[in-house]
Amino acid sequence: MKKIFKIAGLFLAILTASLHQAEAQNNYFFSSSANFDVSIPSPEKFLGYAIGTHYTRHDQIVAYFRELARLTNRVHVQSIGKTYEEREQIVVTFTDPENYNRLEEIRQEHLTLVDPSKPMVGSDAPLVIHLGYSVHGNESSSGEVSLLAGYYLAANQNEETKKWLKEAVIFIDPSLNPDGRDRAANWYNAYKSFPAVSDPLDKEHNEAWPGGRTNHYYADLNRDWLNLVHVESRNRNAFFHQWYPNVQIDFHEQGSNATYYFEPSPKRHESPIIPAFIYEQSAVLAKYHAKALDDIGSLYFTKENYDNLSPIYGSTYPKFYGSIAATFEQASSGGLVKETSNGLLSFAFTIRNHLTTSFSTIKGAVAEKQNLFKAQKNLFKTAIEKAKAFPVKAYVFGDNNDAGLTQKFLDLLLRHKINAYELNDNTTADGKTFQKGTAYVLPTEQPNFFIIHSLFEENNLKDSIYYDNTGWSVIHAYGVKYAKITSADFAKGKMITSLPASKGTIAGGKSAYAYIVSYSDFNASKALYQLLEKNVLVKVAFKPFTASLSSGSKSFGYGTLVIPVAGQNFNEDSLYHLLSLVAEKNSVQFNAVSTGFSAEGIDLGSSNIKAVQKPTVALAFGQGVTSSEAGQVWFILNQHLGLPVVKIDLLQFQRADLTRFNTLILPSGTYNAWDKATVEKIKAWVSDGGTLITFKSATEWAIQNELSRDKLLSTDIGQRRGGNTNTTENQPAPTQLNRNTALLVSPAARANGAAGVISSTTNPAAGVVNRPMESAERTDYAQQQDVEGAKRINGAIFITDLDITHPLAFGVSNRKLFVNKNSTTLLQPSPNKYATIAQYADKPFINGYTSKDNIKKISNSAAIILSPSGSGRVVLFADDPTYRGYWLGTTRVFLNSIFFSNLVATTGTYVGGASSAAEEEEEEEEH
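Parameters at a glance
- Residues numbered from 1 in each chain as written.
- Predicted model: local features only at pLDDT ≥ 70, side-chain atom pairs only at ≥ 80, totals over all residues.
- Heavy atoms only, no water.
- Helix = DSSP H or I, 4+ residues; strand = E, 2+ residues; numbered from the N terminus.
- Buried < 20%, exposed > 50% of the residue type's maximum accessible area, 1.4 Å probe, protein only.
- Contact = heavy atoms within 4.5 Å.
- Areas by Shrake-Rupley, 256 points an atom, 1.4 Å probe, with all protein chains shown as cover.
- Phe/Tyr/Trp six-rings, centres within 6.5 Å; stacked < 30°, edge-to-face > 60°.
- Lys NZ or Arg CZ within 6 Å of the ring centre and 35° of its normal.
- Core = buried A, V, L, I, M, F, W, Y, C linked by side-chain atoms within 4.5 Å.
- Pairing = 2+ DSSP bridges.
- Axes fitted to C-alpha atoms, helices over the stretch in contact; angles between N-to-C directions.
- Expected span 1.5 Å × (residues − 1).
- Salt bridge = Lys/Arg side-chain N within 4 Å of Asp/Glu carboxyl O.
- Parallel < 35°, antiparallel > 145°, perpendicular 65-115°, else oblique.
- Left-handed = near helix turned anticlockwise from the far one by under 90°.
- Nonpolar A, V, L, I, M, F, W, Y, C, P; charged D, E, K, R; others polar.
- pLDDT = per-residue confidence, 0-100.
- Polar contact = N/O pair within 3.5 Å; in protein donor to acceptor, adjacent residues only side chain to side chain.
- Right-handed = clockwise from strand over helix to strand, strands pointing away.

Quick word on the overall build of the protein chain
So, step 1. Tallying secondary structure elements over the protein chain gives 25 helices and 34 strands in all.
So, step 2. Here the protein chain, with 927 residues, has 60% of them falling under the buried criterion.
So, step 3. For the protein chain, restricting intrachain contacts to residue pairs at least 6 apart in sequence, the fraction spanning at least 24 positions comes to 78%.
So, step 4. For the protein chain, the computed accessible surface area is about 36700 Å², with 51% contributed by carbon and sulfur atoms.

Below, the structure written as structure tokens:
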């Protein structure tokens, strides 16, 4: 009996200790007056560990919210899609059960706020709040916050909480980036110690490449709200447009030595087109955040550092739709506990701060409900007023020769809920012709004018202190043919409510001779790879011709694909069936021809129509490579072409069999770790016929290591980016103001300081100066951020002249190629007059911010060069052609470099030699 009592006593002691521990944690995260429904499990009880002691996996987060929804009718879970890695994206709704029972009615009433023609919502209408956590996967505190916030809203019985649920519909997205979050959570959990190690050098605090910030393809999802490249972004965007929240908060982390940031942001960082009252309302809510953080003794700062102008972010995009949206930034512990300049920073502390501002957001929003309704309503009224005064009355876009790209851009507009219309008649504007049936018109006078302006217009910013891209007009990035209409008289037809169905066919039916495909359609490259993957013989035309079709004569341009029936491994019927499937899948038109004799130009048997080799592609990967660029290439080759690119870690190159590949891609990064043997191995591979494609700093590396005979321009333009290749390109090097630092650090004092350096030539030890001191430039210390920041190129849009007859430009009809430049790499135009594929214009600047000095240095430099090396080719990109997966104009050139580089004749003269011996032999054979 004594033994039984002893066991019972031990059990009671353990239970009591557990209750005290749970109570202590509740008191740390919640007010001591909080009253909870005991039937609702806390996150600790459900998970089996205290929040802040372990990183919670995404599936556990989803399971907890589903458990809350099972236990209380305050909570409802909605699935909005899946990630690339098959993780479920959810949004959790918290509201009073009476509200939920008429949720669709509430939604429909709420939508009248975004329609300026409708009356204001009633004063008793619930407002809509959206709290978004963990868009950057390794900014992990906010994911834990979602659990605690969800528990509080589900179980708390205080009257204030009941009021919140009565007067608001609260959405929690616990993980905007599930794939990245799990990558980070697995890292931190794998390397945590018992007891925890706070030393910043510990492996727990130093994620390996690529880190957990980004999604499966290493894309920064907090830069994808406007472009909607990735599936996670498209899913959450669709949900946003179902509701248009009055308040939307994006929770982030910043450098460990910072404190806590919330808006308002600096006025100089605000959008020049968004009405000031939207930003002013953020300042009103800031008072609630300040009091909440004051009450728990947490330090914070406002009105510094963070960009708040372009609609690419989760904290800015909603502003363009009348939401009071904001970024909250908590100093990151990057593990369980970390030494910082502010003392030890615990994971639990970071969670508590974000939880505190989650609640202050709800409290402030409910208190300011009527003003929030008014702000959102007035945003759309102001949009109509601004549109009426705007000189551009409509945009017309579309290309009858490129239905694929036209449809892709139209799809983006529809996702942003922009009203587009069929073109009612053939139209000419800006010297361009747009045809009815293949082009669309977009009136500017509509409620979403502000987002239309962002997609089409140049912004020409005057300020220099931005940490990210300053040029975001997607129309330039896509390279879609478009024009501005300044007259109110334009041909507007039926409004487009869904993407028109497009179907690829074979015009003329089955052929016994050949099939022809225009390469001008953006989807033609997809069709080309699918044919090559099936071992179809495909040729490409290096010169234009006019073919005789069953419907009459038709002209075909540079890059036209020719599929002869003869010489295939298929009979006529099988080939026709395969081509029909490819045409339908890619919405590309094939044309059957019965003769090789062209009405004009080359015939189909010409030596100027060359067989295309199936690309086998390797991609440099791993520590040292800029992860965002590697991810972009991976994404485009996978998702656009369906090409299984082989990702090779830099450390594997020494033993890798490169003969398995005909193409090697080096994104920007640091390749100096490769030893001489590895460099020579790559040189030999290129010389034997391989195609090497390089971006930015990898281009510099290739030239410096003599893989190309081309030259860099010697200049001190800007500051070198990419010092930390473990991160994405939108986390700048430590020399810049960015989301991870609060200070601008001088880069080695600008290589020894000011222009005039005092030197000692005769007696250095004594400091004797033998010549007069030179006049040194002197500037106030407070101006350092502005002066040095102006020298950077964070990302701006420039225009180049593209040689559209060159194989790398096949399919492009406009010599004006827009380029996003966010690097300091500058190339001299090639001494081979045929090798500079794209060259910056004399006046190249189009959009964003770049200093006048930098524009002058970029002017007339080369953007893209194809350089011969033995029997191989080196394609040098001064910039990133795949930028963030949406820069489709330059992406076309990049894809062409994979397909056609080995077919390019390089007969021009370089300094130090003429064309390669292999090319001379080929020319002799042709002659």
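After that view of the structure, there is still more to cover.
Things to note about the packing of aromatic side chains
So, step 1. Taken as a whole and assessed by the stated rule, the structure comprises 63 aromatic pairs.
So, step 2. Between tyrosine 84 and tyrosine 217, the ring centres sit 4.9 Å apart and the planes meet at 80 degrees, which makes this aromatic pair edge-to-face. One end of the pair, tyrosine 84, is in the loop between strand S1 (75-82) and strand S2 (88-94); the other, tyrosine 217, is in the loop between helix H8 (178-191) and helix H9 (231-243), and 133 residues separate them in sequence.
So, step 3. We classify tyrosine 217 as buried; its relative accessible area is 5%.
So, step 4. With a centroid separation of 4.5 Å and an interplanar angle of 20 degrees, the aromatic rings of tyrosine 133 and phenylalanine 251 are classed as stacked. Taken together, the residues span a long stretch of sequence, with tyrosine 133 in the loop between strand S3 (127-132) and helix H6 (141-155) and phenylalanine 251 in strand S5 (residues 247-254) at a distance of 118 residues. Note on accessibility: tyrosine 133 and phenylalanine 251 belong to one class, buried.
So, step 5. Members of the aromatic cluster, connected to one another through ring pairs, are Tyr84, Trp209, Tyr217, Tyr218, Phe621, Trp634 and Phe635.
So, step 6. When the ring centre of tyrosine 191 is taken as reference, the NZ or CZ atom of lysine 203 above it lies at 5.4 Å.
So, step 7. The side chain of lysine 432 reaches across the aromatic face of tyrosine 482, ending 5.4 Å from its centre.

Digging into the nonpolar core
Most often, soluble globular proteins keep nonpolar side chains buried together rather than apart.
So, step 1. Within the largest apolar cluster, 231 residues are counted, with the highest numbers of intra-cluster contacts made by Phe590 and Leu637.
So, step 2. For this core, the element with the most residues is H6, which contributes nine residues.
So, step 3. Membership of the second largest hydrophobic core comes to twelve residues, among which are Ala547, Phe556, Val593 and Leu604.

Let's talk about the sheet that holds strand S20 (residues 545-549)
So, step 1. With antiparallel pairing, the three strands of this open sheet are ordered in space as S21-S20-S24. Looking along the sheet, the strands with just one partner apiece sit at the ends: strand S21 (552-556) and strand S24 (600-601).
So, step 2. Relative to S24, S20 runs antiparallel, the two being bridged by two bridges. Residue pairing across strands places threonine 546 opposite glutamate 600, the latter belonging to S24.

Regarding the pairing of strand S18 (residues 514-517)
So, step 1. Judged by which residues are buried, S18 turns out to be covered on both faces: Ala514 and Ile516 on one side and Tyr515 and Val517 on the other are all buried.
So, step 2. Where S18 and strand S22 (residues 561-564) come together, four bridges link them in antiparallel fashion. When the sheet's bridge partners are listed, tyrosine 515 is paired in S22 with isoleucine 563.
So, step 3. Of the strand pairs in this sheet, S18 and strand S23 (residues 590-593) are connected by four bridges, and their pairing is antiparallel. Across the sheet, residue tyrosine 515 finds its bridge partner in S23, namely alanine 592.

Some words on the sheet that holds S1
So, step 1. The strand order across the open sheet formed by seven strands is S1-S2-S4-S3-S5-S7-S6, and the pairing between neighbours is mixed. The open sheet has two edge strands with one neighbour each: S1 and strand S6 (260-262). Along the sheet, successive strands turn relative to each other by an average axial angle of 20 degrees, direction set aside.
So, step 2. As defined by bridge partners, S1 adjoins S2 across seven bridges and the pair is classed as antiparallel. The partner of lysine 82 across the bridge, within S2, is glutamate 88.

Some remarks on unusual backbone geometry
So, step 1. Of the consecutive residues phenylalanine 194 and proline 195, the connecting peptide bond is found in the cis state with omega at 5 degrees.
So, step 2. Looking at where proline 195 falls in the secondary structure, it is placed in the loop between H8 and H9.
So, step 3. Following tryptophan 209, the chain continues into proline 210 via a peptide bond in cis, with omega recorded as 0 degrees.
So, step 4. Along the chain, proline 210 falls in the loop between H8 and H9.
So, step 5. Although it is not a glycine, tyrosine 244 sits at a positive phi angle of roughly 50 degrees.
So, step 6. Mapped onto the fold, tyrosine 244 is located in the loop between H9 and S5.
So, step 7. The exposure class assigned to tyrosine 244 is buried, which follows from its relative accessible area of 8%.
So, step 8. Phi is positive for serine 587, close to 55 degrees, though the residue is something other than glycine.
So, step 9. Looking at the element boundaries, serine 587 is found in the loop between helix H17 (572-586) and S23.

Let's talk about helix H13 (residues 403-415)
Along an α-helix, residues three or four apart share an orientation, since each turn contains 3.6 residues.
So, step 1. Compared with an ideal rise of 1.5 Å per residue, which puts 13 residues at 18 Å, H13 spans 18 Å between its outermost C-alpha atoms and is within 8% of the ideal.
So, step 2. Among all positions in H13, only Gly404, Leu405, Thr406, Gln407, Phe409, Leu410, Leu412, Leu413 and Leu414 are buried.
So, step 3. Of the residues flanking the end of H13, it is lysine 417, one or two places downstream, whose phi is positive at about 60 degrees.

Thoughts on the pattern of salt bridges
So, step 1. Tallied over the entire structure, the rule returns 30 salt bridges.
So, step 2. A salt bridge links aspartate 59 to arginine 57; the shortest N-O distance between them is 2.8 Å.
So, step 3. Residue classification places aspartate 59 among the partly exposed residues on the basis of a relative accessible area of 40%.
So, step 4. Note that lysine 162 is salt-bridged to glutamate 159, the shortest N-O span being 3.7 Å.

Let's talk about helix H18 (residues 627-641)
So, step 1. With 15 residues, H18 extends 20 Å from end C-alpha to end C-alpha; this agrees with the ideal 21 Å at 1.5 Å per step.
So, step 2. With respect to burial, H18 is a largely interior element, 13 of its 15 residues being buried.

Details of the packing of H6 against helix H11 (residues 347-367)
So, step 1. Between H6 and H11, the least distance of the axes is 9 Å, while the angle of their chain directions is 50 degrees. When the interaxial angle is binned, H6 and H11 end up oblique. Considering only the axes of H6 and H11, their crossing is right-handed. Within the contact between the two elements, H6 uses Ser141, Ser142, Glu144, Val145, Leu148, Ala149, Tyr152 and Leu153 and H11 uses Phe347, Thr350, Ile351, His354, Leu355, Ser358, Phe359 and Ile362.
So, step 2. Class assignment of the residues belonging to the contact of H6 with H11 gives a composition of ten nonpolar, five polar and one charged.

A look at the confidence of the model for the protein chain
So, step 1. Counting all residues, the mean pLDDT for the protein chain is 89, and 87% of those residues have values of 70 or more.
So, step 2. In this model, residues 1-20 is a region of pLDDT below 50 whose contacts with residues beyond four sequence positions or in other chains number zero contacts.

A short note on the environment of leucine 344
So, step 1. Note on placement: leucine 344 falls in strand S9 (residues 343-346).
So, step 2. Leucine 344 has contacts with Ser198, Val337, Lys338 and Glu339, leaving out every residue within four places of it along the chain.

As for the environment of proline 644
So, step 1. Looking at the element boundaries, proline 644 is found in the loop between H18 and strand S27 (646-649).
So, step 2. Along the backbone, proline 644 and valine 617 are 27 residues apart, and their C-alpha atoms lie at a distance of 7.9 Å.
So, step 3. Beyond its immediate sequence surroundings of up to four residues, proline 644 is in contact with Tyr529 and Asn638.

What about the environment of glutamine 613?
So, step 1. With respect to the helices and strands, the residue glutamine 613 is situated in the loop between strand S25 (609-611) and strand S26 (617-621).
So, step 2. For glutamine 613, a relative accessible area of 41% translates into the label partly exposed.
So, step 3. Along the backbone, glutamine 613 and tyrosine 529 are 84 residues apart, and their C-alpha atoms lie at a distance of 9.8 Å.
So, step 4. Side chain to side chain, glutamine 613 and asparagine 902 meet in a polar contact 3.4 Å long.

Some remarks on the pairing of S26
So, step 1. The element S26 is extensively covered by neighbouring structure, given that five of its five residues are classed as buried.
So, step 2. Here S26 shows a buried face lined by Val617, Leu619 and Phe621 and a second buried face lined by Ala618 and Ala620.
So, step 3. Relative to strand S28 (residues 663-666), S26 is paired through three bridges, and the arrangement is parallel. Bridging across to S28, leucine 619 finds its partner in isoleucine 665.
So, step 4. Sheet topology places S26 next to S27; four bridges connect them, and they run parallel. Residue leucine 619 lies in a different strand from S27, and its bridge partner there is lysine 647.
So, step 5. Handedness of the S26-H18-S27 crossover: right-handed.

Digging into the packing of helix H10 (residues 276-296) against helix H12 (residues 369-389)
So, step 1. At a minimum axis distance of 9 Å, the contact between H10 and H12 shows a crossing angle of 160 degrees. It follows from the interaxial angle that H10 and H12 lie roughly antiparallel. With respect to the hand of their crossing, H10 and H12 are arranged in left-handed fashion. Within the contact between the two elements, H10 uses Phe277, Ile278 and Gln281 and H12 uses Asn371, Leu372, Ala375, Asn378, Leu379 and Thr382.

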